Amino acid sequence: MNLVFIILCVLSTSHVTYGYTDNKVRRFKDGFMFGVATSAYQIEGAWNEDGKSESVWDRYTHAHPEDIADRINGDVACDSYHRYKRDVQMLRELGVDHYRFSVAWTRILPTGFKDEINEEGLRYYENLIDELLKYNIQPMVTLYHFDMPQSLQDLGGWTNPLIVNWFEDYARVLFDRFASKVKYWITINQPSSVCVDGFGDPALNVKENGDYTCVKYILLAHAKVYRLYENQFKSKHKGSVGISLDINWIDPYNKTTENDEAAERARSFKIGLYMNPIWSKHGDFPDKVKSIIAKKSEKQGLEQSRLPSLSADEIKLLKGSADFLGMNHYTTFLATPARDEHKSPSFADDLGVHLTHGAEWIASKSPWLKNAPYGIYKACVNINQEYDYPPVFITEHGWSTGPGRRDTRRVAVLTAYLAALLLAVEDGTELKGYTAWSLMDNVEWRAGTSERFGLYEVDFDSANRTRLVRTSGLVYKHIIESRDPGDGWMPSSYRINVSDRLQKREVREEL
Ligand code: NOJ
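Residues numbered from 1 in each chain as written. Predicted model: local features only at pLDDT ≥ 70, side-chain atom pairs only at ≥ 80, totals over all residues. Heavy atoms only, no water.

For the protein, an unreviewed UniProt entry supplies the name Myrosinase 1-like and the organism Bombyx mori. Quoted verbatim from the Subunit (unreviewed entry) field of UniProt, the annotation for the protein is "Homodimer." Under Sequence similarities (unreviewed entry), UniProt gives the following word-for-word description of the protein: "Belongs to the glycosyl hydrolase 1 family." (UniProt positions renumbered as here; feature names shortened; annotations may be inferred.)

Dropping the structure here:
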């Protein structure tokens, strides 16, 4: 590894560019946190060991192996349940400040409820957390990352109003046990993927009526848990609680009134629906989304809108219920009004937008993911303008490839996105940290191991799931040390064009 690193340094000096067309060197400040992320189902394995019960993803992948690329599943995955010490060793090799991982609800409460607390499950996470803290790596813990206990899904999962209490019970068990050690908590990962894109209930995949009900209760569950921490744990333990939202940028395909409207509509349905109740001045769902769904519902002969309303108390509970915005950002989409008819009622029909990518954008291994670094800058600036500069933590960003360790494309993408982020910081974003997805290759849901996001490659055919660092892992280490993404291996074609930046609304501080 040292030899590879030396070669890389030599390479990097011969390729060195500044990240920007104005040749200014921009650096992340000391105190800015660099980390990597994973999630329980995607890495742990041990799906039925030590008291763990079945999650929706266990049920689904066992019943429909044919739906998963290469028929892999989370039964063993990266085997992190048994190999977490190796994971921590890798984190130390990278030199990260924090590690974002998720807890499997099914390991902690096998029935889904708090009637039975599984000590062995708690001990696994305790060991992991202690191992991290031993090396001064901050744990950032996600409570729910798509793996709902099947027992609760059978009762309606996120569409059952009682889930708000069940989630609170589960969170309390974790806060009671770990609040003294864990300072960063994330309640829910990507509610839009859960409620609209079929990750929360993979067996059903496309929901017809439950999507907005799910949105309501998943947000309320988040808020309830935020308040629980705020009222009972915060003053003593001084941690912070956020939520991770799926915030890809959406631009008009080209500048026409219709496309501008389509882009704005898509942002309201995909971002505003989750951001507004928590961060907007008046709380509640965005007016635009409320009125579109209400009108459609009326036309469909329904008495009430398919988007449930929020009561005054619920609006109050939700408003301000996050210490930071966890932003998962991967790509940018370009919007035009929908070309095809969608079945009605459906989310796609309500949205009425067709999303595509720029024809010239470089493609990853995932059909939905193309390179457009400026999008992360625009997303940050837009959030500042709409929601008055919330503190932001990038809780995921990454790039997929096939197998192989010379992942120069991932390196270029990583450095370009980090450079764009520094520009957002310069224009006022309160950015606390950046988290690369992912520490290592893992089970990419239905895409199995066909789309690999790891800074470490995992050999899924080896008994010990051998992990070997990729070029991107070495470059990330270098960036963490230098705090300067333009100082790594960044081809000049990826430079960030500073003249494209949007007008600054407010300059918070000089870098
Ligand atoms: C977001 C999800 O949180 C994560 O589970 C997934 O693997 C990555 N995106 C990449 O698709």
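1. Structural notes on the layout of surface pockets
Space inside the largest pocket adds up to approximately 1,200 Å³. Taken together, 43 residues form the lining of the largest pocket, with Ser193, Asp197, Phe199, Asp246 and Lys270 sitting closest to its centre. Here the residues of the lining of the largest pocket are counted per class, giving 22 nonpolar, eleven polar and ten charged. (1 Å grid on protein atoms, 1.4 Å probe; cavity = no way out; pocket = protein on both sides within 12 Å on 5 of 7 lines; lining within 4 Å. Points joined across faces, edges and corners; volume = space filled by probe spheres on them. Nonpolar A, V, L, I, M, F, W, Y, C, P; charged D, E, K, R; others polar.)

2. Description of the site of the ligand
Near the ligand, the surroundings consist of Gln42, His145, Asn189, Gln190, Tyr330, Trp368, Glu396, Trp437, Glu444, Trp445 and Phe453. Between the ligand and Tyr330 there is a distance of 3.4 Å, counted from a nitrogen atom to a side-chain nitrogen or oxygen. A distance of 2.9 Å separates an oxygen atom of the ligand from a polar side-chain atom of Trp445. When the ligand is considered free in solution it has 300 Å² of accessible area, and contact with the protein chains removes 94% of it. Given that more than half its atoms are within 2 Å of the pocket grid, the ligand belongs to the largest pocket. Of the residues that constitute the shell around the ligand, the class distribution is five nonpolar, four polar and two charged. (Near = heavy atom within 4 Å. Polar contact = N/O pair within 3.5 Å; in protein donor to acceptor, adjacent residues only side chain to side chain. Areas by Shrake-Rupley, 256 points an atom, 1.4 Å probe, with all protein chains shown as cover. Sits in = over half its atoms within 2 Å of the grid points.)

3. Concerning the environment of Asp251
Following the sequence through the fold, Asp251 ends up in strand β6 (residues 249-252). Its relative accessible area of 16% is what places Asp251 among the buried residues. Placed 49 residues apart in sequence, Asp251 and Gln300 show a C-alpha to C-alpha distance of 30 Å. Beyond its immediate stretch of four places on either side in the chain, Asp251 contacts Ala263, Phe333, Leu334, Ala335 and Lys378. (Helix = DSSP H or I, 4+ residues; strand = E, 2+ residues; numbered from the N terminus. Buried < 20%, exposed > 50% of the residue type's maximum accessible area, 1.4 Å probe, protein only. Contact = heavy atoms within 4.5 Å.)

4. Notes on the pairing of strand β2 (residues 98-102)
Along β2, five of the five residues are buried, which leaves the element largely enclosed by surrounding structure. Both faces of β2 are covered, namely the face carrying His98, Arg100 and Ser102 and the face carrying Tyr99 and Phe101. Bridge count between strand β1 (residues 33-37) and β2: three bridges; the pairing is parallel. By the bridge assignment, Gly35 is partnered in β2 with His98. (Pairing = 2+ DSSP bridges.)

5. Regarding the confidence of the model for the protein
Caution is warranted with low-pLDDT regions, since their predicted coordinates should not be read in detail. Averaged over every residue, the pLDDT of the protein is 93; residues scoring 70 or more account for 93%. Note on residues 9-15: pLDDT is under 50 here. Beyond four places in sequence and across chains, it has six contacts. Across residues 507-511 the pLDDT falls below 50, and counting only partners more than four positions away or on other chains, this stretch makes ten contacts in the model. (pLDDT = per-residue confidence, 0-100.)

6. Examining the pattern of salt bridges
Pairs can form between side chains of opposite charge once their charged atoms are near each other. Per the stated rule, a full pass over the model turns up 35 salt bridges. Between Glu426 and Lys24 there is a salt bridge, with its nearest N and O atoms 3.5 Å apart. Of this pair, Glu426 sits in helix α17 (residues 408-426) while Lys24 sits in the loop between α1 (2-15) and β1, and the two are 402 residues apart along the sequence. Note on Lys24: relative accessible area 36%, which makes it partly exposed. Ionic pairing is found between Arg100 and Glu396, a salt bridge with its closest N-O pair at 3.0 Å. Of this pair, Arg100 sits in strand β2 while Glu396 sits in strand β10 (residues 391-396), and the two are 296 residues apart along the sequence. Because the salt bridges share partners, they merge into one network encompassing Asp22, Lys24, Arg26, Glu426, Asp427 and Arg501. (Salt bridge = Lys/Arg side-chain N within 4 Å of Asp/Glu carboxyl O.)

7. Here we look at the sheet that holds β6
Read across the open sheet, the three strands follow the order β6-β8-β9; overall the sheet is mixed. Only two strands of the sheet have a single partner each, and these edge strands are β6 and β9 (353-356). The sheet shows a mean angle of 40° between the axes of neighbouring strands, direction not considered. Packed on one face of the sheet, helix α16 (residues 374-387) meets β6 and β8 (332-337) and runs near 95° to β6. (Axes fitted to C-alpha atoms, helices over the stretch in contact; angles between N-to-C directions.)

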